[in-house]
Amino acid sequence: MEKLRLATGKEYDLVPNGIRSITKGLAIEIVKPEGETLEDVQATFKNPEATKIMKTLNDEVTLRIDEGYTKPGSRIMLDTNAAIGVKVTENEDGTATSETQHAAVVSLEMYKETIEEKVEANRADIDYLLMMEG
């Protein structure tokens, strides 16, 4: 199973094709870790230090690196019973049985901060500093 490793070292299991490029961003689908809530996952992805570098790994081999996606989209969803794969078991008589595997899956989108947003944040900081001097 592929993993998504954040800059902080935190890892999430990705569903098959769990990270893909979309218009101006990334669509990410991860298996929700046991004991974490949707809000916990959301808080992690809202931390720009965690998401500034995201690596997709398979058996510790880096498959892709996405940098600069520090802005979460406005929606995060939890599917508590998503199909994430099929487990095939070979029987002694030569036949095989398959069983669909399910998990709680979190879907979210990440974007790069636009220049306009950075300029706006800088303006707010400058305005604040000017106000403090007065």
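For the structure itself, look to the data block above.
Residues numbered from 1 in each chain as written. Predicted model: local features only at pLDDT ≥ 70, side-chain atom pairs only at ≥ 80, totals over all residues. Heavy atoms only, no water.

Caption draft 1: Quick look at the pairing of strand 5 (residues 61-67). Across six bridges, strand 4 (residues 53-58) lies against strand 5 in antiparallel orientation. Each bridged residue has a counterpart across the sheet, and for Asn58 the counterpart in strand 5 is Val61. As consecutive antiparallel partners, strand 4 and strand 5 are separated by two residues, and within that stretch Asp59 has a phi angle of approximately 50°, a positive value. (Pairing = 2+ DSSP bridges. Helix = DSSP H or I, 4+ residues; strand = E, 2+ residues; numbered from the N terminus.)

Caption draft 2: Here's a closer look at the environment of Ile65. As for its position among the elements, Ile65 is in strand 5. Each C-alpha atom of the pair Ile65 and Ile53 lies 6.9 Å from the other, and the pair is twelve residues apart in sequence. Once residues within four sequence positions are removed from consideration, Ile65 is found in contact with Ile53, Met54 and Lys55. (Contact = heavy atoms within 4.5 Å.)

Caption draft 3: Focus on the sheet that holds strand 5. Read across the open sheet, the seven strands follow the order 5-4-1-2-3-7-6; overall the sheet is antiparallel. Single-partner strands in this sheet number two, and they are strand 5 and strand 6 (71-90). Direction aside, the axes of adjacent strands within the sheet are offset by 35° on average. Of the strand pairs in this sheet, strand 1 (residues 3-6) and strand 4 are connected by four bridges, and their pairing is antiparallel. The residue bridging Leu4 from the neighbouring strand is Thr56, located in strand 4. Most of the contacts of helix 1 (residues 38-46) go to strand 6, to which it runs at about 120°, and overall it touches strand 1, strand 2 (11-22), strand 3 (25-31), strand 4, strand 6 and strand 7 (96-111). (Axes fitted to C-alpha atoms, helices over the stretch in contact; angles between N-to-C directions.)

Caption draft 4: Main features of the environment of Val88. Tracing the backbone shows Val88 in strand 6. Each C-alpha atom, one on Val88 and one on Thr100, is 8.7 Å from the other, the two residues being twelve residues apart in sequence. Setting aside residues up to four positions removed in sequence, Val88 forms contacts with Ala96, Thr97 and Ser98.

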